[in-house]
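Residues per chain, in single letters:
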Amino acid sequence: MFDFKWSSSEKKIAREAYNAAWLREQRKDIGEMFDYRYSQLPVVFARAIRMGHMEVERLAGLSEDKLKMIRSLRDFSPGG
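What counts as what
In this numbering scheme, every chain counts its residues from 1 along its sequence in written order. In keeping with the model being predicted, local features are shown solely for residues with a pLDDT of at least 70 and side-chain atom pairs are shown and tallied solely at 80 or more, while totals for entire chains, interfaces and linings include all residues. Each side-chain value is derived from all of the structure's non-hydrogen atoms; neither hydrogens nor water enter the calculation. Only C-alpha atoms enter the line fits that serve as axes; for helices the fit covers just the stretch in contact. Angles between N-to-C directions range over 0 to 180 degrees. Secondary structure elements follow DSSP: runs of H or I no shorter than four residues count as helices, runs of E no shorter than two count as strands, and numbering proceeds from the N terminus. Should an angle fall under 35 degrees it is called roughly parallel, over 145 degrees roughly antiparallel, and 65 to 115 degrees roughly perpendicular, with every other angle called oblique. In this scheme the handedness of a crossing depends on how the near helix is turned from the far one: anticlockwise by less than a right angle means left-handed, clockwise means right-handed. Any two residues whose heavy atoms approach within 4.5 Å are treated as being in contact. Each residue is assigned to one class: nonpolar for Ala, Val, Leu, Ile, Met, Phe, Trp, Tyr, Cys and Pro, charged for Asp, Glu, Lys and Arg, and polar for all the others, Gly among them. Multiply 1.5 Å by the residue count of a helix minus one, and that product is the helix's expected span. Under the scheme applied here, a residue whose accessible area is under 20% of the maximum for its type counts as buried, over 50% as exposed, and between as partly exposed, the area being computed with a 1.4 Å probe on protein chains only. Working note: the arc is built from the helix axis to C-beta atom directions. Any carboxyl oxygen of Asp or Glu within 4 Å of a side-chain nitrogen of Lys or Arg constitutes a salt bridge here. By the criterion applied in these results, polar contacts are pairs of N or O atoms within 3.5 Å in which, for protein atoms, one can donate a hydrogen and the other can accept it, and in which residues neighboring in sequence qualify only through two side-chain atoms.

Draft legend 1. The packing of helix H3 (residues 41–50) against helix H4 (residues 64–75), seen in detail. The N-to-C vectors of H3 and H4 enclose an angle of 50 degrees; their axes lie 8 Å apart at closest approach. The angle between H3 and H4 falls in the class oblique. The way H3 lies across H4 gives a crossing that is right-handed. On H4, the residues touching Pro42, Val43, Phe45, Ala46, Ile49 and Arg50 of H3 are Met69, Ile70, Leu73 and Arg74. Its residues assigned to classes, the contact of H3 with H4 comprises eight nonpolar, no polar and two charged.

The structure is reproduced here in structure tokens:
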């Protein structure tokens, strides 16, 4: 979906943010909703932020293009 290049440090930040966003018990129930492929992480993070499961500040260190996409997806309202 998104063809961003992820540096090693960005991958580490993304993994830590992803792991922090959900409690282990909840992951099993909602795991199919989330996809850890790097091409899907902007969508995953935008959804987690929109739902209040994480703050965008948790993603500090990601490149500005990724953060911009995440913010854009976070603010996107289908049909509106």
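Draft legend 2. Representation of helix H1 (residues 8–21) in the model. Relative to the 20 Å expected for 14 residues at 1.5 Å per residue, H1 spans 20 Å between its end C-alpha atoms, a close match to the ideal helical length. For H1, every residue scored as buried is listed here: Glu10, Ile13, Ala14, Ala17, Tyr18 and Ala21. Viewed end-on, H1 has its buried residues packed into an arc of 130 degrees, placing them on one side of the element. With respect to the buried face of H1, the exposed residues turned more than 90 degrees away are Ser8 and Lys12.

Draft legend 3. Highlighting the pattern of salt bridges. The full count for this structure, using the stated rule, is four salt bridges. In this structure, lysine 66 engages glutamate 10 in a salt bridge whose closest nitrogen and oxygen atoms are separated by 2.9 Å. Placement of the pair is lysine 66 in helix H4 and glutamate 10 in helix H1, with a sequence separation of 56 residues. A salt bridge links arginine 71 to glutamate 64; its shortest N-O distance comes to 3.3 Å.

Draft legend 4. Looking closely at the side chain of lysine 66. Among the residues examined, lysine 66 registers a relative accessible area of 2% and is labelled buried. A polar contact of 2.9 Å, which involves the side chain of lysine 66, links it to the side chain of glutamate 10. Beyond its immediate stretch of four places on either side in the chain, lysine 66 contacts Phe4, Lys5, Trp6 and Glu10.

Bear in mind that shape data such as this cannot, by itself, settle questions of function.
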